[in-house]
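Tertiary structure, described
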Amino acid sequence: MAALAWLLIPFLAAIGAGLWGSWANRTRKVRSDGPELDGYARFRAAMEKQP
């Protein structure tokens with residue numbers, strides 16, 4: 001019976017990991033890349049300026 005208890009621990013951990021993985025990978029509201037691209041454009045403009 002003790003061996004079954006030790007086998008139950010990784011089994012429950014695998015189920016918990018699967019649940020957590022599906023929750024972490026859920027579909028979220030789609031966000032555009034606008035702010036990131038604007039920041040990159042400002043960075044490029046600053047790097048192209050002559051000192």
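Residues numbered from 1 in each chain as written. Predicted model: local features only at pLDDT ≥ 70, side-chain atom pairs only at ≥ 80, totals over all residues. Heavy atoms only, no water.

1. Points about the pattern of salt bridges
- Enumeration over the complete set of coordinates arrives at one salt bridge.
- Among the ionic pairs, Glu 48 bridges to Arg 44, the shortest N-O distance being 3.9 Å. Of the two residues, Glu 48 and Arg 44 both sit in helix H2 (residues 34–48), four residues apart, roughly one turn of that helix.
- For Arg 44, a relative accessible area of 42% gives the class partly exposed. (Salt bridge = Lys/Arg side-chain N within 4 Å of Asp/Glu carboxyl O. Helix = DSSP H or I, 4+ residues; strand = E, 2+ residues; numbered from the N terminus. Buried < 20%, exposed > 50% of the residue type's maximum accessible area, 1.4 Å probe, protein only.)

2. Looking at the packing of aromatic side chains
- According to the stated counting rule, one finds zero aromatic pairs in the structure shown.
- The side chain of Arg 26 reaches across the aromatic face of Trp 23, ending 4.3 Å from its centre. (Phe/Tyr/Trp six-rings, centres within 6.5 Å; stacked < 30°, edge-to-face > 60°. Lys NZ or Arg CZ within 6 Å of the ring centre and 35° of its normal.)

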